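Single-letter residue listing:
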Amino acid sequence: MQAPCKISRSPGRVVLLWLWVLTATARAANPPAVDPSLGSYQAQGEVSGVIRGYGFGLGGVLQQWEEGFRRLHPGIHFEDHLSTSDAAIPALVTGVADLAPDGGEATLTETLAFYETYGYPVTGITVASGAFDVEGKSNGIVVFVNQANPIAQLSIDQLDGIFGAQRDAGMRGFEWTPAGARGPDKSIRTWGQLGLTGEWADKPIQTYGHAPSGTTRFFQWKVLQGGDKWNENFREYVETGSKMIAAEDRGTQHLGVKYMLQHELANDRYGIAWTVMPQARDISGIKLVRLSAHDGSPAITPSRDSFQDRSYPLTRDIYIFINRAPGKPLDSKVREFLRYALSREGQQTLANNGSYLPLPGRVAAEQLRKLE
């Protein structure tokens, strides 16, 4: 069970604290159920040899998959170098890896380096969903406002209008495409533009979020079409307790997200912030906002269930990147291992581990098609 940051005498804060404690207890006792539509692993042939892995160990899941796979294919051996996601795609580029597990999306320089080396894009296989509220496990993004704010839901397009600015294009992979452009007319700078009336109608929206990081890159990709033009009043923070906290700020952590949520957003009636759930633990005075993928589509409350079934639009992917040449068959031992990871048995192992969320059957099927 995850320990709370501190106990507050405020009744509201105590209630929120205990909600977090109960959630953590329930998560440990009740791992997420695996989608029954996932198929069981059926080997398409016996494989042997060495599979080289460079990157991130996925919270221990990768080695658990390897153990299960070796029981079925005893002729397989793994050579792993699992120090960091930053080693994943570079190892594919230099040809020293077969599997490149990564806790986040590929960067622009990674995708470009791979393409310039091989002449085709790197292939990403989604093997899990990011966590809802597990510290440090590629959590999806959630949006908060001050508890006094009457807004209840927003769309991804509206988030773009609130946090972004006019742009001439957007990123698609490593291509700068005009399809991602938007004009200044799409910018949203007052609460009245979102339909609020009375005292809220003319009040400017103050925006808060994360400084440059993998989480920020994900927000830019999903919300800002890969662009990097922000609302001019955007205020940036880093995750409290992370290695990104500067030495001179380690005492107060005024530039940490938790400080921002507790001391700024909770006291700013006209503020809005995006972050991850673990950073909001034990914070009162703020409330979650439901999100819809598009204007007019259903607004979804962030929860473990909506992250797992991927109805929530800002759920993250966990990848294993591979070098898949177009028109050529994938190495059989790599294909078999990935088929195992995407099977009911592989996803059950992932669910039992508790770090990340298992995939819905439809998503696993989409990934399996990439291996054909």
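All residue numbers refer to positions counted from 1 along the written sequence of the respective chain. At least 70 in pLDDT is required for a residue's local features to be given in this predicted model, at least 80 for side-chain atom pairs to be given and counted, and no such filter applies to totals for whole chains, interfaces and linings, which use all residues. In computing side-chain values, all of the structure's heavy atoms are included and hydrogens and water are not.

A. Local environment of the sheet that holds strand β10 (residues 235-237). In space, the five strands of this open sheet follow the order β10-β9-β11-β5-β12, with mixed pairing throughout. If you trace the sheet from one side to the other, it starts and ends with β10 and β12 (286-288), each paired once. Ignoring which end each strand starts from, the neighbouring axes of this sheet average 25 degrees apart. For strand β9 (residues 206-210) and β10, the ladder comprises three bridges, and the chain directions are parallel. Residue pairing for β10: Y208 is matched across the bridge by R235. Two strands are said to pair when DSSP picks up at least two bridges between them. Runs of E in the DSSP output that reach at least two residues are strands. Runs of H or I that reach at least four are helices, and both are numbered from the N terminus. Each axis is a line fitted through C-alpha atoms, taken for helices only over the stretch in contact, and angles between the N-to-C directions span 0 to 180 degrees.

B. Structural view of the pattern of salt bridges. A side-chain nitrogen of Lys or Arg and a carboxyl oxygen of Asp or Glu constitute a salt bridge if their distance falls within 4 Å. In the structure shown here, the tally under the stated rule is 13 salt bridges. Across the salt bridge formed by R269 and E199, the nearest N and O atoms sit 2.6 Å from each other. Of this pair, R269 sits in the loop between α7 (257-264) and β11 (271-275) while E199 is found in the loop between β8 (175-177) and β9, placing the two residues 70 residues apart along the sequence. Under the relative-accessibility criterion, E199 is labelled partly exposed at 38%. Two residues, D202 and K203, come together in a salt bridge whose shortest N-O distance is 3.4 Å. Summary of the burial criterion: residues with accessible area below 20% of their type's maximum are buried, those above 50% are exposed, and those between are partly exposed, where the area comes from a 1.4 Å probe applied to protein chains only. Residue D202 is classed as exposed on the basis of its relative accessible area, which comes to 56%. In this structure K203 comes out as partly exposed when scored by relative accessible area, which is 25%. The network of salt bridges with common partners includes D160, R167 and R182.

Geometric descriptors of this kind do not, in isolation, establish any biological role.
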